[in-house]
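Single-letter residue listing:
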Amino acid sequence: MLPEYFHDLRVRDAIERGLAEHSLMGMRGFKDFSRAVHIVDERFREIATVRIALADPKVFSWWHHVVPGRGSEEFARDLQLHFGVTIEIV
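Residues numbered from 1 in each chain as written. Predicted model: local features only at pLDDT ≥ 70, side-chain atom pairs only at ≥ 80, totals over all residues. Heavy atoms only, no water.

Q: Before we go on, may I ask you to explain the layout of surface pockets in this structure?
A: Rolled over the atoms, a probe with the dimensions of a water molecule shows which regions are left empty. The space that makes up the largest pocket amounts to roughly 220 Å³. Together, Tyr-5, Asp-8, Leu-9, Arg-12, Ile-15, Ala-36, Val-37, Val-40, Asp-41, Phe-44, Trp-62 and Trp-63 line the largest pocket. Put simply, the parts of the chain that give the lining of the largest pocket at least two residues each are α1 (2-20) and α3 (30-47). Per-class residue counts for the lining of the largest pocket are nine nonpolar, no polar and three charged. (1 Å grid on protein atoms, 1.4 Å probe; cavity = no way out; pocket = protein on both sides within 12 Å on 5 of 7 lines; lining within 4 Å. Points joined across faces, edges and corners; volume = space filled by probe spheres on them. Helix = DSSP H or I, 4+ residues; strand = E, 2+ residues; numbered from the N terminus. Nonpolar A, V, L, I, M, F, W, Y, C, P; charged D, E, K, R; others polar.)

Q: Would you explain the nonpolar core in this entry?
A: By size, the foremost hydrophobic cluster in this structure holds 13 residues, and its most contacted members are Tyr-5, Val-67, Phe-75, Leu-79 and Ile-87. Those elements giving two or more residues to this core turn out to be α1 and α4 (73-83). Contacts of Val-67, omitting those with residues within four sequence positions, involve Tyr-5, Ile-47, Ala-48, Thr-49, Val-50, Ile-52, Phe-75 and Leu-79. (Core = buried A, V, L, I, M, F, W, Y, C linked by side-chain atoms within 4.5 Å. Buried < 20%, exposed > 50% of the residue type's maximum accessible area, 1.4 Å probe, protein only. Contact = heavy atoms within 4.5 Å.)

Q: In this structure, what is going on with the packing of aromatic side chains? I would like to understand it.
A: When we look at a pair of aromatic rings, we describe it by the centre distance and by the angle of the planes. Taken as a whole and judged by the stated rule, the model has five aromatic pairs. Geometrically, the ring pair formed by Tyr-5 and Phe-6 is edge-to-face, given 5.6 Å between the ring centres and 70° between the ring planes. Three or more aromatic residues joined by ring pairs make a cluster, and in this case those are Tyr-5, Phe-6, Phe-75 and Phe-83. Seen from the ring of Trp-63, Arg-12 lies directly overhead, with NZ or CZ sitting 4.0 Å from the centre. Stacked on the ring of Trp-62, the Lys or Arg Arg-45 has its end atom at 3.8 Å from the ring centre. (Phe/Tyr/Trp six-rings, centres within 6.5 Å; stacked < 30°, edge-to-face > 60°. Lys NZ or Arg CZ within 6 Å of the ring centre and 35° of its normal.)

Q: What's the story with the pattern of salt bridges in this structure? I'm lost.
A: Charged atoms that come close allow side chains of opposite charge to pair. Counted according to the given criterion, the structure contains seven salt bridges. With a closest N to O distance of 2.7 Å, Arg-12 and Asp-41 form a salt bridge. Of this pair, Arg-12 sits in helix α1 while Asp-41 sits in helix α3, and the two are 29 residues apart along the sequence. Residues Arg-35 and Asp-32 are paired through a salt bridge, measuring 2.5 Å at the closest nitrogen-oxygen approach. Here Arg-35 and its partner Asp-32 are both found in helix α3, three residues apart, which amounts to about one turn of the helix. For Asp-32, a relative accessible area of 49% translates into the label partly exposed. Look at the salt bridges and you will find they share partners, linking Arg-12, Glu-16 and Asp-41 into a network. (Salt bridge = Lys/Arg side-chain N within 4 Å of Asp/Glu carboxyl O.)

Here's what the structure looks like:
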């Protein structure tokens, strides 16, 4: 479902706030965590290949501007209804 998808993106938003927090940057494990996030981001970029138009795109980070090219029938229907994009139903 589209609401669940956008809810899950809020987790990535929280991660980004942590990565940008200067007081955390010197902590042990921060670099490893940052690298792990980068790896996951790259994988997400490979999967989320369909761009969606947002009302105010500057407000949202890049991961809000794309959706996976494949998904459930309900997810596909929501995307078509709200953003006019078509994805493959699996």
